[in-house]
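The residues making up each chain are set out below.
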Amino acid sequence: MMLRPRTTAWSQALLSGAFLLGLSAGGAYAADITITMAAPDWPPTRFMKEEFDKSYKSPDGHTTKLDMDFIPWPSFYERVAASLTSGEQKYQMIVTDSQWLGSFVEGGYYMDLTELMKADPELTAIMKDLHPVLVSAYSTYPHKTRQQLEEAGEWPAADTHYYGFPQFPDTYVTYYRKDLFCHEGEAKAFQEKYSRKLPCSYEDWQDVDWTDWKNIGEFFQRAKGAPLGDGTADDDFYGIAYQAGKGYDFSTMAVNAFIWQYGGGIWDETQAPTGQAEGVVNSDIAVKAFDHYLSMLPLMPPVAKTGQMDIFVVQDLFMQGKVAAIIDWVGLGEPVLDPKTSTVSDKSAFGPAPGLRKEDGKIDRTGNIGGQPFVLTTWNSDEVVKEALNVVKWWLNPETQKKFVANGGQSGLRSVMADPEYDGLRPWNRAHKEMLDWQRDVWHIPEFFELLTQQQEEFDKAITGQISGKEALDAVAKFQQQTLEDAGKIE
Amino acid sequence: MAVVSAQQVTGERSAGGFWAWLMAPERRGPLLVTPALLVLFVMNIFPLLWSFGLSFFNYRANRQTVPTFEGLQFYQRVLTDENVWERFQTTAIIVGSSVLVQLIVGFLLALMFARSFPLRRILLMLVLTPMMLSFVSVGVFFKLYYEPTFGLVSWALNHFMDERFVLLATPAGAIAGIVFADAWMWSPFVMLLVLAGLVSVPKYLYEAAEIDRASWWRRFSTITFPYIKSLLLLAVLFRTIETFKLFDIVYIITEGGPGSATETIAVYVYRQAFQFFRTSQSAALAYIILFVVIVLTNLYLYAVQRREQEVT
């Protein structure tokens with residue numbers, strides 16, 4: 001009897017010691033971590049938050065909270081820029097447009113992840129699995145083209161710094177009304193008028209070039225009361241629409257596609273300091289390409305004349321049943337299929353975006369990559385960096401990515417896109433996969449916003465008919481030459 | 001004497017404690033004002049001085065380079081920038097047109113509401129509603145109103161035209177759209193001021209004029225106008241200052257387009273500061289605008305003083 005208390009006391013002491021040790025050990029390795037992430041307020045980031053709350057478990061045993069600061073798109077850049085430059089150090093991770101990389105890397109806000117990626121086999125595997133277009137556009141600064149990365153032949157490429165991972169890779173695709181494009185009477189009339197097949201199936205859309213697109217624009221332009229498909233147009237109806245807006249990059253993205261397809265170029269940051277703006281930006285080929293872009297605007301809904309036809313207006317016009325076909329980002333597709341927001345939810349189908357037919361008959365669909373990477377900021381502690389990279393691995397895990405794709409998102413992982421299930425997960429997946437291979441990106445340098453804003457303004461003058469395409473490109477080239485010379489990017 | 005005073009003070013403190021000393025009548029006033037002054041200093045005066053300092057340094061908020069002193073270089077750059085003068089011209093056109101429309105509409109509304117008629121109170125409340133709305137809602141409302149595919153303006157005019165009416169497609173149309181939106185919002189303010197003047201005119205003056213068989217114009221020019229002219233001037237100055245800073249409505253309706261046709265100086269400063277991150281240059285431009293506003297404000301204060309003198 002005398003032993004028992006002594007034994008109990010001894011074992012209790014041992015247990016207490018072990019418990020305390022356990023507590024202190026737990027305190028060292030399992031922490032409460034909050035990752036505040038700046039994110040644009042739209043479905044791809046909303047899904048990420050919902051899925052994180054449902055399925056994320058920290059492999060290091062942390063209790064991790066992803067606190068997303070959802071910011072409306074129109075003020076997203078300004079809000080993020082204001083936060084970073086004010087020094088408040090609010091965000092641990094940021095969903096960023098690829099063009100911002102230069103500005104915020106040079107500012108010292110975005111973390112260089114090259115060494116961490118190299119040291120972590122999982123991250124290395126992710127980087128090797130990502131489509132090279134996305135690695136080039138979303139991750140490298142100073143910018144390396146896809147070609148440069150592929151020529152390097154290894155990962156990481158020599159003298160290359162990597163910063164971001166795809167949060168949501170986006171491309172342009174065609175949205176079209178299958179009730180009109182697959183309508184027997186309309187198809188017959190189109191064939192008679194243009195001696196070309198009215199595209200109906202995905203394969204038909206693979207053969208659509210800008211001439212066909214223009215014909216579609218003419219063909220489906222109907223006045224109120226005119227026959228349209230099985231009924232009559234209840235309002236003026238239009239055949240085509242693509243973006244032509246003054247805000248942010250809402251014409252540059254479309255114009256770049258035309259310029260690249262024609263074989264022209266924008267100022268090439270990878271050629272700095274010898275690459276020039278004047279003579280390139282306003283070359284005869286670029287002017288011809290821009291004029292081609294402008295030539296189709298009169299066939300579009302009248303808002304195109306105001307220079308306010310941005311990606312959301314284009315999407316809205318389609319959802320309201322005012323347009324037969326549009327070119328818009330995959331990221332805006334989900335509301336089109338929702339009967340609560342769209343009058344054409346049951347009539348919509350998707351195909352690759354049109355392109356320029358070359359002499360060999362093949363269609364060049366080169367376009368400007370959309371979507372966003374996400375990055376880590378420089379002020380995070382080692383513990384937060386490690387956990388943020390765990391979040392990256394969770395997000396770019398094939399299982400999470402498939403869920404994301406099934407809910408209107410997209411994946412940049414080649415293994416996910418190669419999955420036989422992938423094409424059937426959402427109706428635009430096949431088009432996205434096909435378009436991804438054609439993508440390039442605009443500049444990533446710190447002066448990008450100055451270049452972009454001035455260019456948008458000049459493009460807007462041309463779009464609204466105040467000046468010609470050549471005058472616009474001449475003004476853009478002159479401004480870019482001066483700005484880039486001042487910045488030491490052109491000698 | 002100094003020793004005695006110190007003892008007295010110590011005695012006072014120990015008698016009532018620190019709280020009593022602090023709340024003594026001679027300290028209570030400054031103490032109550034201090035928080036407001038602190039907020040004013042932190043939120044207004046310090047940023048003002050800081051940005052004034054920045055306008056003399058080469059500094060960009062998105063770079064981590066050490067600012068270098070450049071003297072008046074950015075002021076020189078701003079004053080020789082043809083874009084700045086172009087934006088000032090655009091602003092002047094919008095200010096001139098908008099204030100003129102506000103004056104005319106506000107004045108006519110005031111003449112109408114100076115008389116009594118059925119439902120006057122309800123109508124008056126409705127007319128005053130626009131100026132109680134936020135700029136953003138007014139901007140969005142007019143953007144949709146002018147939208148050529150499904151907007152009300154195009155829809156209404158489509159009945160009389162072959163082609164869709166697209167107001168915002170031309171510089172003149174876009175300026176007209178902004179002027180109309182701004183005038184819609186602020187004409188009631190002018191009306192309020194003029195109405196205050198109209199109701200302050202003594203009735204006997206009109207009665208005497210009627211006895212003298214004075215014409216409508218004679219009554220207006222010799223009785224009504226002298227009573228309301230200072231208030232009208234006040235309205236002009238106040239609306240000029242406010243319209244000079246016009247940002248929200250322009251940014252929402254046209255984003256400064258087509259091209260830069262409706263980009264006011266306030267929108268231009270915003271672009272320079274928060275899109276181009278030309279921090280020093282935008283600070284210099286902001287101070288030039290501040291100078292213009294101060295001149296206008298002084299005119300406004302002068303008008304107020306004159307009004308006070310007239311009333312007394």
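1. Description of the interface of chain A and chain B
Item 1. The partner chain B presents 35 residues to the 35 residues of chain A that form the contact.
Item 2. Considering only the surface of chain A that becomes buried against chain B, Lys246(A), Gln308(A) and Glu450(A) emerge as the three largest contributors, covering 19% of it.
Item 3. The interface formed by chain A and chain B holds seven salt bridges in total.
Item 4. With a shortest N-O distance of 2.7 Å, Arg164(B) and Asp235(A) are connected by a salt bridge.
Item 5. Applying the counting criterion to the chain A and chain B interface returns twelve residue pairs in polar contact (both at pLDDT 80 or more).
Item 6. Breaking the side of chain A that touches chain B down by element, the ones donating at least two residues are α3 (76-86), α4 (101-106), α15 (311-319) and α21 (448-463) of chain A.
Item 7. Ranked by residue count, the leading element in the side of chain A that touches chain B is α21(A), at six residues.
Item 8. The class makeup of the residues in the side of chain A that touches chain B is eleven nonpolar, eleven polar and 13 charged.

2. What about the domain arrangement of chain A?
Residues and elements named next belong to chain A.
Item 1. Its domain assignment divides chain A into domain 1 (32-170 + 371-440) and domain 2 (172-368).
Item 2. Taking only C-alpha atoms into account, the centre of domain 1 sits 29 Å from that of domain 2.
Item 3. The partner domain 2 presents 29 residues to the 24 residues of domain 1 that form the contact.
Item 4. A buried area of about 2,400 Å², summed over both sides, lies between domain 1 and domain 2, and 58% of it is on carbon and sulfur atoms.
Item 5. Together, Trp428, Trp438 and Arg440 form the three largest contributors to the area buried by domain 1 at its contact with domain 2, with a combined 28%.
Item 6. Counting the contacts that link domain 1 with domain 2 gives three salt bridges.
Item 7. Among the ionic pairs, Arg365 bridges to Glu434, the shortest N-O distance being 3.8 Å.
Item 8. In terms of residue class, the side of domain 1 that touches domain 2 is built from nine nonpolar, nine polar and six charged.

3. Overview of the pattern of salt bridges
Once their charged atoms are close, side chains differing in charge can pair, the charge on each being opposite to the other.
Residue and element names in this part refer to chain A.
Item 1. Taken as a whole and assessed by the stated rule, the structure comprises 42 salt bridges over all chains.
Item 2. Of the charged contacts, one joins Asp41 and Arg46 as a salt bridge, the two residues approaching to 2.9 Å between their closest N and O atoms.
Item 3. With a relative accessible area of 33%, Asp41 lands in the partly exposed category.
Item 4. Between Arg357 and Asp209 there is a salt bridge whose closest N-O contact spans 2.7 Å. Of the two residues, Arg357 is situated in strand β13 (residues 356-357) and Asp209 in the loop between α11 (202-205) and α12 (210-219); the sequence distance between them amounts to 148 residues.

4. Observations regarding the domain arrangement of chain B
Item 1. On domain assignment, one finds that chain B holds domain 1 (2-42) and domain 2 (73-311).
Item 2. On a C-alpha basis, the centres of domain 1 of chain B and domain 2 of chain B stand 49 Å from each other.

5. Structural notes on the packing of helix α4 (residues 82-113) of chain B against helix α10 (residues 216-244) of chain B
Residues and elements named next belong to chain B.
Item 1. It is at 10 Å that the axes of α4 and α10 come closest, and there the two elements cross at 145°. α4 and α10 meet at a crossing whose hand is right-handed. Between α4 and α10, the residues in contact are Phe88, Thr91, Ile94, Val95, Ser98, Val99, Gln102, Leu103 and Phe107 and Phe220, Ile228, Leu232, Val236, Arg239, Thr240, Thr243 and Phe244, respectively.

6. As for helix α12 (residues 265-275) of chain B
Residue and element names in this part refer to chain B.
Item 1. Extensive coverage of α12 is indicated by the burial of ten of its eleven residues.
Item 2. Every buried residue of α12 is accounted for by Ile265, Ala266, Val267, Tyr268, Val269, Tyr270, Arg271, Gln272, Ala273 and Gln275.
Item 3. One or two positions beyond α12, positive phi appears at Phe277, with a value near 55°.

7. Considering the sheet that holds strand β8 (residues 238-241) of chain A
All names here are of chain A.
Item 1. An order of β8-β11-β5-β12 is seen for the four strands of this open sheet, with the pairing classed as mixed. The sheet is open, and its two borders are formed by β8 and β12 (348-352), each paired with just one other strand. Strand-to-strand twist across the sheet, computed as the mean angle between neighbouring axes with direction ignored, equals 20°.
Item 2. Bridge count between β8 and strand β11 (residues 323-329): three bridges; the pairing is parallel. Bridge pairing in β11 places Tyr238 opposite Val323.

8. Quick look at the environment of Gly185(A)
Residues and elements named next belong to chain A.
Item 1. Its location among the elements puts Gly185 in helix α10 (residues 184-194).
Item 2. Since its relative accessible area comes to 39%, Gly185 is described here as partly exposed.
Item 3. Separated by 44 residues in sequence, Gly185 and Gly229 have C-alpha atoms that sit 7.4 Å apart.

9. A few points about the packing of aromatic side chains
All names here are of chain A.
Item 1. Under the counting rule described, the total for this entry stands at 76 aromatic pairs over all chains.
Item 2. Aromatic side chains Trp210 and Phe258 sit 4.3 Å apart centroid to centroid with 20° between the ring planes, which places their arrangement in the stacked category. Here Trp210 is found in helix α12, whereas its partner Phe258 is found in helix α13 (residues 252-262), with 48 residues between them in sequence. In this pair, the class of Trp210 matches that of Phe258, namely buried.
Item 3. When the centroid spacing of 5.7 Å and the interplanar angle of 75° are considered together, the rings of Phe258 and Tyr293 count as edge-to-face. Note that Phe258 is positioned in helix α13 and Tyr293 in helix α14 (residues 284-295), a separation of 35 residues in sequence. Taken individually, Phe258 and Tyr293 each receive the classification buried, so the pair is uniform in this respect.
Item 4. When the ring centre of Phe70 is taken as origin, the NZ or CZ atom of Arg46, which lies over that ring, is 3.9 Å away.
Item 5. Above the plane of the ring of Phe219 lies Arg222, whose end atom (NZ or CZ) is 5.0 Å from the centre.

Parameters at a glance
Residues numbered from 1 in each chain as written. Chains lettered and ligands numbered in written order. Predicted model: local features only at pLDDT ≥ 70, side-chain atom pairs only at ≥ 80, totals over all residues. Heavy atoms only, no water. Contact = heavy atoms within 4.5 Å. Buried area = accessible area lost by both parts, 1.4 Å probe. Salt bridge = Lys/Arg side-chain N within 4 Å of Asp/Glu carboxyl O. Polar contact = N/O pair within 3.5 Å; in protein donor to acceptor, adjacent residues only side chain to side chain. Helix = DSSP H or I, 4+ residues; strand = E, 2+ residues; numbered from the N terminus. Nonpolar A, V, L, I, M, F, W, Y, C, P; charged D, E, K, R; others polar. Domains from an automatic or database assignment. Buried < 20%, exposed > 50% of the residue type's maximum accessible area, 1.4 Å probe, protein only. Axes fitted to C-alpha atoms, helices over the stretch in contact; angles between N-to-C directions. Left-handed = near helix turned anticlockwise from the far one by under 90°. Pairing = 2+ DSSP bridges. Phe/Tyr/Trp six-rings, centres within 6.5 Å; stacked < 30°, edge-to-face > 60°. Lys NZ or Arg CZ within 6 Å of the ring centre and 35° of its normal.

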